[in-house]
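Residues per chain are reported as follows:
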Amino acid sequence: MTTSLESHPIHTWLTDMDGVLVHEQSALPGAPEFIAALQQYGRPFLVLTNNSIFTPRDLRARLARSGIDLPEESIWTSALATARFLAEQQPGASAYVIGEAGLTTAIHDEGFILADSDVEFVVLGETRTYSFESITRAIRLIKGGAKFIATNPDVTGPSAEGPLPATGSVAAMITAATGIHPYYVGKPNPLMMRTALNRIGGHSETSVMIGDRMDTDVKSGLEAGMRSILVLTGSTDFDEIAQFPFRPTAVLDGIADVVPFVERLTPHEAVELDED
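No experiment lies behind these values; they were computed from the predicted model shown.

Observations concerning the pairing of strand E6 (residues 94-98)
Line of reasoning, step 1. Counting buried positions over the five residues of E6 gives five, a clear majority of the element.
Line of reasoning, step 2. Side chains of E6 alternate between two faces, with Ser 94, Tyr 96 and Ile 98 and Ala 95 and Val 97 buried alike.
Line of reasoning, step 3. Taken together, E6, helix H4 (residues 101-109) and strand E7 (residues 113-114) form a β-α-β motif whose crossover is right-handed.

Shown next as structure tokens:
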């Protein structure tokens, strides 16, 4: 299933984090070697996550503890993508934000004013402390005309004790109360892929998305015009692939199996000069 993956060189790489590089607090086999190979061959890359709770600095520290070394600039979260989207839509606007430091910091850094009244946007992200008061305020602001944005549509998130309600679940509650659906920025919206590619100067035709979920990672890569690799170390099992009306470019057991492709599909210097 790797023939079309090798149809032409890969200039830039995007990869999901949880289920691809790490599982809970441990690096998955081959993950450190994959990042090292990208760095060795000078391949621009980003590690993507729909998790909007943490800042890139926090996530870099988490990855470092598991044995994966990469700069925080190589991490792209749904919070960063949301902040960038809002800055392109209405620079310097005000927003009521429900979320943790990953989201509030990203929006503040894009020049937004964080407020709880007379705002242009209500931005919903993930938090471990959703409150009735903050959800009520969001509902009233949206009914008053604020535009409703959410970082990602995931309805649950993982924890040691089991699933937790996540952004999509709370967004559904707000939608039920207001009749307004949010605009989701994170995966599977291909917007997150495109903002990531823009960040590293990539092009969809010469980039690959690696993920462990058909419904987010593979779908968003496909809709952004990229080749995709599904690894079987996370959410989607091999038998579940047939349930979807689309297919990844390649299916591999884990990220360790991707490592040889980094060298094999790195473009030669002459190819890069010709395309420039």
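Let's talk about the pairing of strand E1 (residues 12-16)
Line of reasoning, step 1. The buried count for E1 comes to five of five residues, which makes it a mostly enclosed element.
Line of reasoning, step 2. Pairing geometry for E1 and strand E13 (residues 207-211), over four bridges, is parallel. Each residue of the ladder has a partner; that of Trp 13, found in E13, is Val 208.
Line of reasoning, step 3. In terms of strand pairing, E1 meets strand E4 (residues 45-49) through four bridges, oriented parallel. Pairing of Thr 15 across the sheet is with Val 47, part of E4.

Details of the sheet that holds strand E8 (residues 121-124)
Line of reasoning, step 1. The strand order across the open sheet formed by five strands is E7-E6-E8-E9-E12, and the pairing between neighbours is parallel. Both outer strands of the open sheet, E7 and strand E12 (183-184), are each paired with one neighbouring strand and no more.
Line of reasoning, step 2. Alignment of E8 against strand E9 (residues 147-150), held across four bridges, turns out to be parallel. If you follow Leu 124 over to E9, its bridge partner there is Ala 150.
Line of reasoning, step 3. In the packing of helix H3 (residues 78-89) onto the sheet, contacts are made with E8, E9 and E12, and the angle to E9 comes to roughly 150°.
Line of reasoning, step 4. Against the sheet, helix H5 (residues 132-143) touches E6, E8 and E9, its axis set at about 145° to E6.

Quick word on the pattern of salt bridges
Line of reasoning, step 1. Per the stated rule, a full pass over the model turns up 10 salt bridges.
Line of reasoning, step 2. Between Asp 217 and Lys 187 there is a salt bridge; the shortest N-O distance is 2.7 Å. Linking Asp 217 in helix H8 (residues 214-223) with Lys 187 in the loop between E12 and helix H7 (190-200), this pair joins segments that are 30 residues apart in sequence.
Line of reasoning, step 3. By relative accessible area, which is 0% here, Asp 217 ends up buried.
Line of reasoning, step 4. Overall, Lys 187 belongs to the buried group, its relative accessible area being 3%.
Line of reasoning, step 5. Each of Asp 16, Lys 187 and Asp 217 takes part in a single network of salt bridges with overlapping partners.

Scoring rules and cut-offs
- Residues numbered from 1 in each chain as written.
- Predicted model: local features only at pLDDT ≥ 70, side-chain atom pairs only at ≥ 80, totals over all residues.
- Heavy atoms only, no water.
- Buried < 20%, exposed > 50% of the residue type's maximum accessible area, 1.4 Å probe, protein only.
- Helix = DSSP H or I, 4+ residues; strand = E, 2+ residues; numbered from the N terminus.
- Right-handed = clockwise from strand over helix to strand, strands pointing away.
- Pairing = 2+ DSSP bridges.
- Contact = heavy atoms within 4.5 Å.
- Axes fitted to C-alpha atoms, helices over the stretch in contact; angles between N-to-C directions.
- Salt bridge = Lys/Arg side-chain N within 4 Å of Asp/Glu carboxyl O.

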